[in-house]
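Observations on chain architecture
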Amino acid sequence: MIGRTQTEVLLKRTLSLSSAAETEVVMLGLDEQLTRFANNAIHQHVAESNRYLVVRAALGRRVGVGATNDLSDAGLGRAVDSAVAAARLRPEDPNFQGLPDPTHVPEIAGFDDVTAGYSPAERARAVRTICDRAEEAGCIAAGAFRTSVHEWAVANGRGLFAYHPSTEADLTVVATTDKSSGFAAGASSKVAEIDVATLGTEAIQVALRGRNPQPIEPGVYPVVLSSYAVHDMLETLAAAAGAVSVQEGRSWMSGRRGERLMAPLISIWDDGLDLAGWPLPFDFEGMHRRRVDIVRKGAVGDAVYDRARAAVDGVASTGHALPATNPFNPWLNASRLGPIPLHAIMGTGESTVQELIAGTERGLYVTRFWYTRIVHPREAVVTGMTRDGTFLIERGELTSPVRNLRFTQSYVEALARTEAVGREALRVWTDPGILSAPALKLAAFNFTS
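How each quantity is defined
Residues numbered from 1 in each chain as written. Predicted model: local features only at pLDDT ≥ 70, side-chain atom pairs only at ≥ 80, totals over all residues. Heavy atoms only, no water. 1 Å grid on protein atoms, 1.4 Å probe; cavity = no way out; pocket = protein on both sides within 12 Å on 5 of 7 lines; lining within 4 Å. Points joined across faces, edges and corners; volume = space filled by probe spheres on them. Helix = DSSP H or I, 4+ residues; strand = E, 2+ residues; numbered from the N terminus. Nonpolar A, V, L, I, M, F, W, Y, C, P; charged D, E, K, R; others polar. Salt bridge = Lys/Arg side-chain N within 4 Å of Asp/Glu carboxyl O. Buried < 20%, exposed > 50% of the residue type's maximum accessible area, 1.4 Å probe, protein only. Axes fitted to C-alpha atoms, helices over the stretch in contact; angles between N-to-C directions. Parallel < 35°, antiparallel > 145°, perpendicular 65-115°, else oblique. Left-handed = near helix turned anticlockwise from the far one by under 90°. Contact = heavy atoms within 4.5 Å. Pairing = 2+ DSSP bridges. Polar contact = N/O pair within 3.5 Å; in protein donor to acceptor, adjacent residues only side chain to side chain. Expected span 1.5 Å × (residues − 1). Phe/Tyr/Trp six-rings, centres within 6.5 Å; stacked < 30°, edge-to-face > 60°. Lys NZ or Arg CZ within 6 Å of the ring centre and 35° of its normal.

**Overview of the layout of surface pockets**
In this structure, the second largest pocket encloses a volume near 910 Å³. Together, 32 residues line the second largest pocket, and Glu202, Tyr228, Val353, Tyr365 and Leu426 are the ones closest to its centre. Put simply, the parts of the chain that give the lining of the second largest pocket at least two residues each are β6 (181–188), α5 (196–209), α6 (227–239), α10 (353–358), β12 (362–376) and β16 (418–430). Classifying every residue of the lining of the second largest pocket by side-chain character gives 14 nonpolar, 11 polar and seven charged.

This is the structure:
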């Protein structure tokens with residue numbers, strides 16, 4: 001971590017090297033440590049420390065991009081020159097609005113000293129707890145425990161500067177027997193909120209309960225989905241809430257604002273200022289992030305915008321711009337996706353998971369979905385598999401484990417059949433950020449094979 005002062009000096013030095021009419025510099029900073037384990041033993045500690053600068057240079061409406069992690073004067077100069085040279089060769093971008101003036105961005109707490117200082121030895125002791133319990137239970141545990149520090153910053157030639165440090169911790173556990181597996185995961189900005197022993201025990205118990213799964217006929221079943229399965233639904237639906245997808249007619253939201261597509265029990269929103277998640281108060285143009293209601297009590301709400309896409313619809317940016325390029329994650333950048341939610345949340349209800357199961361006469365309990373792929377973006381039709389614990393529900397109780405099933409299902413249509421919502425939400429890390437979702441009881445879900 002280099003801190004606010006050094007970051008500001010670095011970004012202003014980069015701006016001073018540009019000959020473009022307008023220049024923006026984004027810093028993506030990461031100090032990450034990861035402990036991997038398999039076969040009930042740690043097999044790898046890895047660490048990465050890196051700072052990337054992404055330079056966006058504008059010559060009128062011609063915009064070029066350069067990036068570097070060489071923070072020497074020569075390295076910065078090459079990145080700036082590359083962005084300017086690219087701008088000269090680019091066609092004009094009719095949606096480019098120029099760079100923004102300075103704007104107020106609230107300072108919020110997202111940094112935890114304990115997480116930032118968490119050592120490999122501390123992660124190893126936590127992982128040992130999981131591995132010891134798995135061995136005692138006759139299971140094999142595998143997974144990863146990560147702690148990281150992020151530094152985000154944006155500066156431009158108009159005097160805008162925004163800086164936010166944050167921390168993140170996440171744990172993933174898979175426990176297996178010779179014929180079954182169980183899964184558990186958790187994420188937070190504070191490592192102390194990751195209950196390692198509980199998550200390890202959860203994965204082990206699911207694996208033990210899932211031994212000797214039985215075949216079951218494919219078909220349409222009532223389901224109780226754990227939070228892990230709902231996370232996949234939330235991630236899929238939120239990714240299509242970006243303005244590019246909506247404006248181009250590819251999203252399940254396109255042309256449907258105000259229509260009730262889901263049950264009134266379902267609300268989805270994005271909030272980068274929520275301290276319970278992984279807060280980031282500004283986007284990668286330096287604009288204040290705003291809460292956006294994507295689904296309001298079942299009705300289609302609003303898309304998320306950056307400045308360019310907001311101008312197309314004549315609205316204000318919601319503060320959801322991505323970096324122009326992203327060396328840490330080439331998939332997650334503005335040129336590929338446009339603006340998307342990074343802090344999606346599904347609202348909770350009033351039921352415990354046991355109550356969701358007890359209210360099901362006959363159906364399936366699904367721990368999570370795996371290898372999901374979008375078949376029909378417009379209707380949010382997804383195909384995938386169940387994994388790591390699928391169980392038959394009979395007369396309100398979990399009975400026998402069943403073999404994994406393939407499904408092909410519109411997530412929107414499935415959520416239209418929501419009968420009850422869990423009262424606790426679990427936070428899980430995905431590449432875009434930390435998502436929060438409860439368990440759900442759905443009246444029907446289509447399993448094809």
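**A few points about the pattern of salt bridges**
Counted under the stated rule, the structure contains 23 salt bridges. Aspartate 73 is paired through a salt bridge with arginine 13; the nearest N and O atoms lie 2.8 Å apart. Separated by 60 residues along the polypeptide, aspartate 73 in helix α2 (residues 73–89) and arginine 13 in helix α1 (residues 3–16) bring together distant segments of the chain. Overall, arginine 13 belongs to the partly exposed group, its relative accessible area being 30%. Taking the shortest distance from any N to any O, the salt bridge between arginine 427 and glutamate 193 comes out at 3.0 Å.

**Focus: the packing of α1 against α2**
The geometry of α1 relative to α2 is characterised by a closest axis approach of 9 Å and an angle of 55° between their N-to-C directions. One way to sum up the angle between α1 and α2 is to call them oblique. Viewed along their axes, α1 and α2 form a crossing whose handedness is right-handed. Here Leu10, Arg13 and Thr14 of α1 lie close against α2, whose contacting residues are Asp73, Leu76 and Val80.

**Topic: the environment of leucine 17**
Tracing the sequence through the fold places leucine 17 in the loop between α1 and β1 (22–38). Judged by its relative accessible area of 38%, leucine 17 is partly exposed. Spatially, the C-alpha atoms of leucine 17 and leucine 76 are 8.0 Å apart, while their sequence positions differ by 59 residues.

**Digging into the sheet that holds strand β2 (residues 41–59)**
The six strands lie next to each other as β3-β2-β1-β4-β5-β6, forming an open sheet whose pairing is antiparallel. The sheet is open, and its two edges are formed by β3 (62–68) and β6, each paired on a single side. Here the average twist between neighbouring strands, direction ignored, is 15°. Here strand β4 (residues 140–156) runs beside strand β5 (residues 161–176); their pairing, made up of 16 bridges, is antiparallel. Within the sheet, the bridge partner assigned to arginine 146 lies in β5 and is aspartate 170. Strands in contact with helix α4 (residues 120–136) are β1, β2, β4 and β5; relative to β1, the strand with the most contacts, it is inclined by about 45°. Strands in contact with α5 are β4, β5 and β6; relative to β6, the strand with the most contacts, it is inclined by about 160°.

**A short note on the environment of leucine 99**
Residue placement: leucine 99 occurs in the loop between α2 and α3 (113–116). According to the relative accessible area criterion, leucine 99 is buried, its value standing at 5%. Along the chain, leucine 99 and glutamate 22 lie 77 residues apart, while their C-alpha atoms are 7.0 Å from each other. The residues contacting leucine 99, other than those within four sequence positions of it, are Glu22, Thr23, Glu24, Arg56, Asn156, Arg158 and Arg307.

**Let's talk about the side chain of serine 410**
Secondary-structure assignment places serine 410 in strand β15 (residues 406–410). Since its relative accessible area comes to 5%, serine 410 is described here as buried. Within polar-contact distance, the side chain of serine 410 engages the backbone oxygen of glutamate 379 at 2.8 Å. Apart from residues lying up to four places away in sequence, serine 410 is in contact with Glu379, Ala380 and Val381.

**Details of α6**
Each full turn of the α-helix corresponds to 3.6 residues, which orients residues three or four apart in the same direction. Taking 1.5 Å as the rise per residue, α6 with 13 residues should run 18 Å; its terminal C-alpha atoms sit 18 Å apart, in good agreement. By the criterion of burial, α6 is predominantly enclosed, with 11 of the 13 residues buried.

**Details of unusual backbone geometry**
Unusually for a residue other than glycine, lysine 297 sits at a positive phi of about 50°. Within the secondary structure, lysine 297 sits in the loop between β9 (292–296) and β10 (299–300).

**Brief notes about the packing of aromatic side chains**
Across all of its chains, the model carries 14 aromatic pairs by this definition. Seen from their ring centres, phenylalanine 183 and tyrosine 228 are 5.1 Å apart, and the 90° between their planes marks the pair as edge-to-face. Remark: tyrosine 228 occurs in helix α6 and phenylalanine 183 occurs in strand β6; sequence separation between them is 45 residues. A relative accessible area of 8% means that phenylalanine 183 is categorised as buried. Relative to phenylalanine 445, the ring of phenylalanine 369 lies with its centre 5.5 Å away and its plane at 20°, an arrangement referred to as stacked. Of this pair, phenylalanine 369 sits in strand β12 while phenylalanine 445 sits in strand β17 (residues 433–447), placing them 76 residues apart in sequence. Across the pair, phenylalanine 445 and phenylalanine 369 agree in class, each one buried. Taken together, the aromatic side chains of Tyr221, Phe369, Phe407, Tyr411, Phe445 and Phe447 make up a single cluster linked through ring pairs. Between the NZ or CZ atom of arginine 368 and the centre of the ring of phenylalanine 183, over which it lies, the distance is 4.0 Å. The ring of tyrosine 371 is capped by arginine 373, whose NZ or CZ atom sits 4.3 Å from the centre of that ring.

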